[in-house]
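# A closer look at the structure
Single-letter residue listing:
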Amino acid sequence: MNTAVRLPQTDPQPMSQSIAHPKVVARDVNVFYGDKQALKDVNLDIPENAVTALIGPSGCGKTTFLRCINRMNDTIPTARVTGRLAIDGRDVNDPEIDVVQLRARVGMVFQKPNPFPKSIFENVAYGPRIHGLARNKAELEEIVLTSLKRAGLYDEVKDRLSESGTALSGGQQQRLCIARAIAVSPDIILMDEPCSALDPIATAKIEELMDELRTNFTIVIVTHSMQQAARVSQRAAFFHLGILVEEGVTGDIFTAPKERRTQDYITGRFG
Amino acid sequence: MTDLAIPGLRRLDFTTEKARARVRSRYRAEVRFKAYGLIAIGLTTLFILLVLADIIVRGTPAFFQYRLVLDVNVEQSEIDPQGTHDPAAIRAGDYSALVRNALRKIFPDVTDRAGRRLLDGIVSSGAADQLREMVVADPSLIGRTIKAPLLLSDDADLYFKGLGTSISRTAGRGIASPSGTTGDITILSSANDFSSDLVTIKRSLAKRARDLRAYAASLRRSAREVEAQGDDAQRLLAAAQAAGDAARVQSYTSQFTSYRAEAATLTRQAAEAEAEAADLQKRFENPSAEEAIGGNVPSVLVSIDGGMVKVTRLGNSQVSGRVLLPLTSSADAAPGTWSIVTFATPEDNRRVSDREVAWLEYLREHGLVERSFNWIFFTSGDSREPELAGIRGALVGSALTLLVTLFVCLPLGVAAAIYLEEFAPRNRFTEIIEVNINNLAAVPSIVFGLLGLAIFLNFLGLPRSAPLVGGLVLALLVLPTIIIASRAALKAVPPSIKEAALGVGASHQQAVFHHVLPLAMPGVMTGTIIGMSHALGETAPLLMIGMVAFIVEPAASITDAATVLPVQIYLWSDLPEIAFQAKTAAAIMVLLVFLFIMNGTAIFLRRRFERRW
């Protein structure tokens, strides 16, 4: 089931680098908000244990695509998704898929840090608690501390786990959100411009973290920063006006884009 | 592209006189608007302060009461003749006799029936009940003489609160010699001690004479007018007779006679008034003649030899009158040891007679009157006797009613708000429901009363006047408020919190109940408390379901008949007794205090739990 289904007709040419084990496979994905079409026939494979960057100008549909993966678009009443989007070969839009379980497997980090207005500990413990991942208090504590350590936040907050998560700085809040996301051991972490509200130092920390996390997780990141995409991602996909223009190995996209629009965008001609 | 000015358009002109005038008028408009705002705020503050000050000034006296502290002999013969010490027998004793005896011991000279009834009346009928409670609680008091506080009647209480009359005293300058110690006596003074009071009365005679003469003059004027009309009628009559018109002759004849009769009556009344005025004038012009003192002029009394004499006839150096408090002796009183006492309010305009005032003043002078906090106001139910009426029944009724309201409308309101805000599909049906909830918040409250009457009382057959029904009606009344406030609070929670919860795999319901609702709770509580204080002050719908009854016993359960605070205020405001005016204002103060506390709590919750994201 892990074999990608190829649709050569829609690809302008065979992908430069074949992906042996794509984690996420999107085929002819269309998204409509009411009458407006936000995504048109998107075909994209996302590899396992790598960082895939979605780039493109504002309103091009990258966030929409990201939110299709864990079905966060369900919360928008007018949104409608067609096509096939499979994780490990199972269509996420299959009526038999439980959306809550799906979201437990596909964690998400949002553009603006949004910790719960609760203690740091409770922020991380919430996910494991509602999914019953810990059998007792000690286990829960273990999960929380491990997650904080993996998110690189533990040393900064170990003495104030009972303080409110909202009292942390922006960068710390965002790492807390990452810790919260990895606490439920998801397969995939979606990041929607996670550094747009952060200063360069905090951004550097998050980027470093992403590099570490990709050994265990499949990461999909939406970013407006070309440099960030170049730094953290192994593969990149360029969206424009709801169309997936080009995708491939990050180095190729940035050094030898096949499409004129991609080149214009990454060289700063528009966007 | 450096030239930003668009060709053909005028540039902003800020140097010419016209431009400066424009700026000035803008400043003027701003100053004017600020002045309007200040005036509006000043006026509203003034009105609010006026209302509050008025209520506080009126209501404060009701929180205090005056009591007599008398030595009461708890005689076994009146309470427990058989000496059984049986609580039921002790309870059945005649305690009002004890109270009466204690009072009569102080005023042994009061032997006439009317006087005794008057004396008994200065103590409240509740005094005996208080004494009963004391003795039942401690039967060892039987047979002993105890100092017992006795509640005064409302008129006596009001007298001590300063609503009786202002009293002025003038020390006597001459030697006063009374002719006796009881009954009707005459007091002679060696100086013209009473002349100033006499002058006051004479002066009032002169004023009365002036008024009468003016009245007589106006009567005479009308009489002349009526006569003139009569003359007209007479002329017309003569003309009609000349014309031989029988019908007109008859009509004018009757007119003429009635005018004449009216003129005669007016003239007679004028003459009577003039005669009275002349009589008064004569009395005024004879300064030494004695004058009688009636009930329509300030009362004059003489305090002498430990007694009190009410003056009925007043001369320059002698008065005669009736003894109200017996004199200890008929010895001559030296100058300065006796005094003339004037009660400024005429007896006819007072609730307490001169005799009662004399008694009350005597009791006060002997330290038998004490002022204490009026606990009865908080511990007893409604009563027809103002001094025994309290708000406990209304408070209990309000509390029970609000409890029912809270238990019904908080879960219903919050559940409805959560469903509508978070779960309901957006369609025509939910839109209609939303519009109607908003409309219901503006429906007059009396309509909810009618609804309660029709559904809860007539259809479901629930008990009348009960907090259960009142609470249900008020719950319906405040439901829209709570739903609207709760929805606003839920909407104010940033969606990022809900997304975060959904992002870690919480279900919609978990996201709402674990994260959104706790954050919205301060808003929900604020809305609920505002709704509750709205319900606390509501009167009209409760009138419709019969909570307007006179209920003495505080309700013990939500199905007992009860009344609530605002209805109690409404009931008391309607009563004729002056003492109830203060009770009304005092009850309003209590209601306002509760409203302030509730709204203060709402503000506190809002401040305390307000979060910034």
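Quick caveat, the model's predicted, so the values are computed rather than measured. Position numbers for residues count from 1 along each chain, tracking the sequence in the order it is written. Throughout, the order in which chains and ligands are written sets their labels, letters from A for the former and numbers from 1 for the latter. Only residues with pLDDT of at least 70 get local features here, since the model is predicted, and only at 80 or more are side-chain atom pairs given and counted; chain-wide, interface and lining totals rely on the full set of residues.

## Looking at the overall build of chain A
For the record, the criterion: Helix and strand labels come from DSSP, where a helix needs a run of H or I of at least four residues and a strand needs a run of E of at least two; each type is numbered from the N terminus. Labels follow a simple rule on C-beta atoms placed from the backbone: if 20 or more others lie within 10 Å of a residue's own, it is buried; if 12 or fewer, it is exposed; otherwise it is partly exposed. We call two residues in contact if the C-beta atoms placed from their backbones are at most 7 Å apart.
The secondary structure content of chain A amounts to ten helices and ten strands. Seen along its three principal axes, the alpha-carbon backbone of chain A occupies a region of about 55 × 40 × 35 Å. The burial tally for chain A puts 45% of its 271 residues in the buried class. Across chain A, every contact between residues at least 6 apart in sequence was considered, and the portion connecting residues at least 24 apart equals 68%.

## Some words on the interface of chain B and chain A
As a reminder of what qualifies: Classification used: nonpolar for Ala, Val, Leu, Ile, Met, Phe, Trp, Tyr, Cys and Pro, charged for Asp, Glu, Lys and Arg, polar for all others including Gly.
In this complex, chain B contributes 15 residues to the contact, which on the side of chain A involves 20 residues. Among the elements of the structure, α16 (495–503) and α17 (508–536) of chain B are those that each provide at least two residues to the side of chain B that touches chain A. For the side of chain B that touches chain A, the element with the highest residue contribution is α16 of chain B, accounting for six residues. By residue class, the composition of the side of chain B that touches chain A is six nonpolar, six polar and three charged.

## Overview of the packing of helix α8 (residues 195–243) of chain B against helix α9 (residues 246–285) of chain B
Residues and elements named next belong to chain B. Using the following cut-off: The angle between two axes is taken between their N-to-C directions and runs from 0 to 180 degrees, where each axis is a line fitted to C-alpha atoms and a helix contributes only its stretch in contact. Here roughly perpendicular refers to angles of 65 to 115 degrees, roughly parallel to angles under 35, roughly antiparallel to angles over 145, and oblique to all remaining angles. Left-handed describes a crossing in which the near helix is turned anticlockwise from the far one by less than a right angle; the clockwise case is right-handed.
Here α8 crosses α9 at 165°, and the two axes come no closer than 7 Å. Regarding the angle of α8 to α9, the classification is roughly antiparallel. α9 is crossed by α8, and the crossing has left-handed handedness. Of the residues in the contact of α8 with α9, the class split is 24 nonpolar, ten polar and eleven charged.

## Some words on the pairing of strand β4 (residues 79–87) of chain A
Residues and elements named next belong to chain A. To be explicit about the condition: Strands are labelled as partners when DSSP assigns at least two bridges between them.
The pairing of strand β1 (residues 22–33) with β4 spans eight bridges and is antiparallel. Paired with F32 across the strands is R80, a residue of β4. As judged from the two bridges shared by β4 and strand β5 (residues 90–91), these two strands associate in the antiparallel manner. Paired with A86 across the bridge in β5 is D91. In this structure, the hairpin formed by β4 and β5 is closed by a connection of two residues, where D88 is found at a positive phi of approximately 50°.

## Focus on the sheet that holds strand β1 (residues 64–73) of chain B
All names here are of chain B. Strand order across the open sheet formed by three strands is β2-β1-β11, with antiparallel pairing between neighbours. Since the sheet does not close on itself, it has two edges, and those belong to β2 (145–151) and β11 (369–373), each with one partner. The average undirected angle you get between the axes of adjacent strands in this sheet is 40°. Pairing of β1 with β11, which is carried by five bridges, proceeds in the antiparallel orientation. Paired with L68 across the strands is V369, a residue of β11.

## Some details on helix α10 (residues 354–365) of chain B
This is how the line gets drawn: Between the first and last residue of a helix there are one fewer steps than residues, each counted as 1.5 Å, and that sum is the expected span.
The terminal C-alpha atoms of α10 of chain B lie 16 Å apart, and with twelve residues this matches the ideal 16 Å at 1.5 Å per residue to within 8%. Just downstream of α10 of chain B lies G367 of chain B, where phi reads positive at about 65°.

## As for the nonpolar core
It is characteristic of soluble globular proteins that their nonpolar side chains tend to be buried jointly. Stated precisely, the cut-off is as follows: Joined through C-beta atoms within 7 Å, a set of buried Ala, Val, Leu, Ile, Met, Phe, Trp, Tyr and Cys residues constitutes a nonpolar core.
Membership of the largest hydrophobic core comes to 221 residues, with the highest contact counts inside it found for I69 and I189 of chain A together with V99 and V309 of chain B. In terms of residue count, the dominant contributor to this core is helix α15 (residues 467–492) of chain B (15 residues). Dropping the residues within four chain positions of it, V99 of chain B is found in contact with V72, V123, A127, A128, L131 and L150 of chain B.

## Observations concerning the domain arrangement of chain B
Residues and elements named next belong to chain B. Inclusion rule: Here the limits of each domain have been adopted from an automatic or database domain assignment.
Domain boundaries in chain B define domain 1 (17–59), domain 2 (62–162), domain 3 (164–196 + 293–351), domain 4 (197–291) and domain 5 (386–609). Domain 2 and domain 3 are separated by 32 Å when their C-alpha centres are compared. Tallying the contact residues gives four residues for domain 2 and four residues for domain 3. Of the residues contributing to the side of domain 2 that touches domain 3, the split by class is two nonpolar, no polar and two charged.

## Here we look at the pairing of strand β9 (residues 235–240) of chain A
Working note: regular strand, side chains alternate between the two faces of the sheet. Residues and elements named next belong to chain A. Of all the six residues making up β9, six are buried; the element is thus mostly covered by neighbouring parts of the structure. Every second residue of β9 is oriented toward a common face, with R235, A237 and F239 on one face and A236, F238 and H240 on the other, all of them buried. Taken together, β9 and the strand that follows it, strand β10 (residues 243–249), pair antiparallel across an intervening segment of two residues, in which L241 is found at a positive phi of about 50°.

## Some details on the environment of N439 of chain B
Residue and element names in this part refer to chain B. By secondary structure assignment, the location of N439 is in helix α13 (residues 428–440). Judged by C-beta crowding, with 10 C-beta atoms within 10 Å, N439 ranks as exposed. Residues N439 and P480, 41 residues apart in the sequence, show an inter-C-alpha distance of 8.5 Å.

## So, the confidence of the model for chain A
Going by this rule: In predicted models, pLDDT denotes the confidence assigned by the predictor to each residue on a 0 to 100 scale.
For chain A, mean pLDDT is 86; residues scoring 70 or higher make up 93% of the total. Across residues 1–17 of chain A, where pLDDT falls below 50, the model places 23 contacts with residues more than four positions away in sequence or in other chains.

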